[in-house]
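What the coordinates show
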Amino acid sequence: PTSVKQQAPGVYIFDLKQNISGVARLKVRGARGAKVRLRFGEMLHPDGRLMTENLRRARATDTYILRGDPKGETWTPRFTYHGFRYVEVTGFPGKPDRDAITGVVVHSATPLVSSFEASDRMVNQLFRNIVWTQRANFFEVPTDCPQRDERLGWTGDAQAYARAATYNADVAAFFTKWLDDLEEAQQPNGAFTDYAPYPMRHGGSGEAYGAAWMDAGIICPYAIYKAYGDTRVIDRHWDAMMRFMQFRRSNSPEFQGASKGNAWGDWLSIGSATPIEYIDAVYFARTCRLMAEMARATHRRMDAAMFNEWFSRIRARFAQDYVLDGGRLKIDNQTAYALALDAGLLAGEARAGAVKRLAELIGQNQFRMTTGFLGTKALLPVLSAHSQNDLAVRLFQSREFPSWGYEVANGATTMWERWNSYTKEKGLFEPGMNSFSHYAFGAVAEWMFSTLAGIDTDGAGFARIVIKPEPPSPDSNPDHRPIGWVSASYDSIHGPIASGWKRSAEGFALEAVIPANTQATVYVPAGSPEGITESGRPVRSAKGVKFLRMEDGRAVLEVASGVYRFRSSPRKQRQ
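So, here's what we can say about the structure. For clarity, every value in this text was computed on a predicted model and none was experimentally measured.

Conventions we followed
Residues numbered from 1 in each chain as written. Predicted model: local features only at pLDDT ≥ 70, side-chain atom pairs only at ≥ 80, totals over all residues. Heavy atoms only, no water. Helix = DSSP H or I, 4+ residues; strand = E, 2+ residues; numbered from the N terminus. Rg over C-alpha atoms; globule rule 2.2 N^0.38 Å. Buried < 20%, exposed > 50% of the residue type's maximum accessible area, 1.4 Å probe, protein only. Contact = heavy atoms within 4.5 Å. Salt bridge = Lys/Arg side-chain N within 4 Å of Asp/Glu carboxyl O. 1 Å grid on protein atoms, 1.4 Å probe; cavity = no way out; pocket = protein on both sides within 12 Å on 5 of 7 lines; lining within 4 Å. Points joined across faces, edges and corners; volume = space filled by probe spheres on them. Nonpolar A, V, L, I, M, F, W, Y, C, P; charged D, E, K, R; others polar. Expected span 1.5 Å × (residues − 1). Arc of directions from axis to C-beta. Pairing = 2+ DSSP bridges.

A count of helices and strands for the protein gives 13 helices and 23 strands. For 575 residues, the compact-globule estimate of 2.2 N^0.38 gives 25 Å, and the C-alpha radius of gyration of the protein, at 25 Å, lies within 12% of that figure. Over its C-alpha atoms, taken along the principal directions, the protein stretches across nearly 80 × 60 × 45 Å. Burial statistics for the protein: of 575 residues in total, 58% are counted as buried. In the protein, of all internal contacts separated by at least 6 residues, the share reaching a separation of at least 24 is 71%.

Structure representation (structure tokens):
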């Protein structure tokens, strides 16, 4: 704890300054039979009282009865854990000091494997918040939250976040176990459930599933395959995935979306709703693409061809049902455009028109998001991939509601369930469903690594690597100074990868670390290869570097394993 304050006579509040999952270790000395009560919470009321309303029926209370050891005694509970930042202590003999309580962090063994820093301090705190939230919720199953009467392995949260999770920590064994839980919970009709394990039914008979939530049965195995290059996860769950895809097909005989099941949809979106049948159609298309790729990776050629055909038919039906002239969509909101573009359902002029309309909608909303769990995950990657990277970074750096920076500005040390879970002006929002340790919106970490820092895999498992950072343009953000440098690392299954870039008056600098026995394609902003050096040498004669081509204002280079320091002059770099 950083502080301990007496909130009322005999009642003390300890502040850890960090929301964690775990337990409190109590150090105490007193009479035999005396009782010390510990209660746990994530927030305080304005008057300093412990806030427990958002815990619902979870008592979050530990009681210790002293044995009366004159030398003092130390106790740590073994059969529970809590999600908390604050500990309320009642019945402590005398006045406790800070050493009376220690917060002990507990979570599954998922070693951290990455680092991320940028020129914006808010972004650095955000990354810490994302990592702390993942640690708090990767506790045997990917729980939605560690503090209240729930702790369920919600599949919608997991499918949105799975790829981000692989950047932050080694989660291969963790997901290997949980994917078995998910398959065990699969319903007789082939649908994957809303959470796994599945101790109780959520929804009507035969419809205990939800669009995008149930798709975790495809998206999560794919994310693990993509990060670690291990096809065993595909083989292990292929039959279950095939049963699910046949279930989807039976629900959409004309390759349209279905509105059956639980209507979670774009959960906790702000000010706009996206129809379930639309979301279902998009996710049907997306899972077909992933299944085709996994089928190719495991030499299931006929299955790959079938899923490619299904995708083509879904895209044709989607165009018929939802696409208007100029790429406008009948569902005219940010989530609808982000999801359709992310799934590859739009091409050519329709795609260009959809990107333009998405940017317009964001601008019309004062450059703020309206997206929930699903739309937010897709939004920044879609913008960056379609020539709107400056807009993506502007949203990322925002401190206005709703945004990641808004949470940080309001004191968050973990990710919130709701964009507006708490404000200093209005306090707690809707105590009945409000978690301050909820990783879903932390899915932006995937974009932070793959796009902003530019570390990604070419294929599966990082045997071939892409280093392609997407820095924002100078003066592109009227609200905050655009991010001017990023330094990130990721300890992949093949070894440490690093990407660090900086834009300055002297030009553009990019440092990259490529592990042994791998190759990388590196993209350096430049007007021509003649404007680039590597460790002071012209890039064309640099050891381990091969110039391939110029592409969209970048020199594309093939490099072997090693450490590289590229520089491009300000006159030669892409503006």
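Now that the structure has been shown, we can carry on.
Moving on, we come to unusual backbone geometry. Comment: phi is negative for the bulk of residues other than glycine, and the bulk of peptide bonds are trans. Cis geometry is adopted by the peptide bond preceding P197, which originates at A196 and carries an omega value of -5 degrees. With respect to the element layout, P197 can be found in the loop between α3 (172-185) and α4 (216-228). In this model, F401 is joined to P402 through a cis peptide bond whose omega is -5 degrees. Its place among the elements puts P402 in the loop between α11 (389-397) and α12 (404-409).

Now for the pattern of salt bridges. Counting across every chain of the model gives 37 salt bridges. In this structure, the salt-bridge partner of K177 is D181, at a minimum N-O distance of 2.4 Å. Residue K177 and its partner D181 are both found in helix α3; the two are separated by 4 residues, about one turn of the helix. Here E309 ties to R313 by a salt bridge, and the two come within 4.0 Å at their closest N and O atoms. Here R313 and E309 lie together in helix α7 (residues 301-322), a separation of 4 residues that amounts to about one turn.

Further remarks concern the layout of surface pockets. Empty space within the largest pocket amounts to approximately 1400 Å³. Forming the boundary of the largest pocket are 40 residues, of which Y222, D342, P381, E446 and D456 lie nearest the centre. Of all the elements in the fold, those that place two or more residues in the lining of the largest pocket are α2 (155-168), α4, α6 (276-297), α8 (334-342), α10 (373-385), α13 (444-453) and β15 (455-457). Considering each element in turn, the lining of the largest pocket owes the most residues, 6 residues, to α10. Here the lining of the largest pocket is composed, by residue class, of 16 nonpolar, 9 polar and 15 charged.

Bringing α6 into the picture now. Between its terminal C-alpha atoms α6 stretches 31 Å, which fits the 32 Å expected from 22 residues at 1.5 Å a residue. Backbone geometry just after α6 places H299 at a positive phi near 65 degrees.

Bringing α3 into the picture now. When the terminal C-alpha atoms of α3 are compared, their 20 Å separation across 14 residues agrees well with the 20 Å that a helix rising 1.5 Å per residue should span. For α3, every residue scored as buried is listed here: F174, F175, W178, L179, D181, L182 and A185. Along the axis of α3, the buried positions cluster into a sector of 155 degrees, meaning they face one direction only. Turned more than 90 degrees away from the buried face of α3 sit A173 and E184, all of them exposed. Buried residues along α3 sit in contact with β11 (138-139), β12 (141-142), α2, α4 and α5 (232-251).

Let us look at the pairing of strand β8 (residues 82-90). Remark: a regular strand shows side chains that alternate across the two faces of the sheet. A large share of β8 lies buried, amounting to 8 of its 9 residues. Relative to β8, strand β2 (residues 11-28) is paired through 8 bridges, and the arrangement is antiparallel. Across the sheet, Y12 pairs through a bridge with V89, a residue of β8. Across 5 bridges, the pairing between strand β3 (residues 35-41) and β8 is antiparallel. Bridging across to β8, R39 finds its partner in E88.

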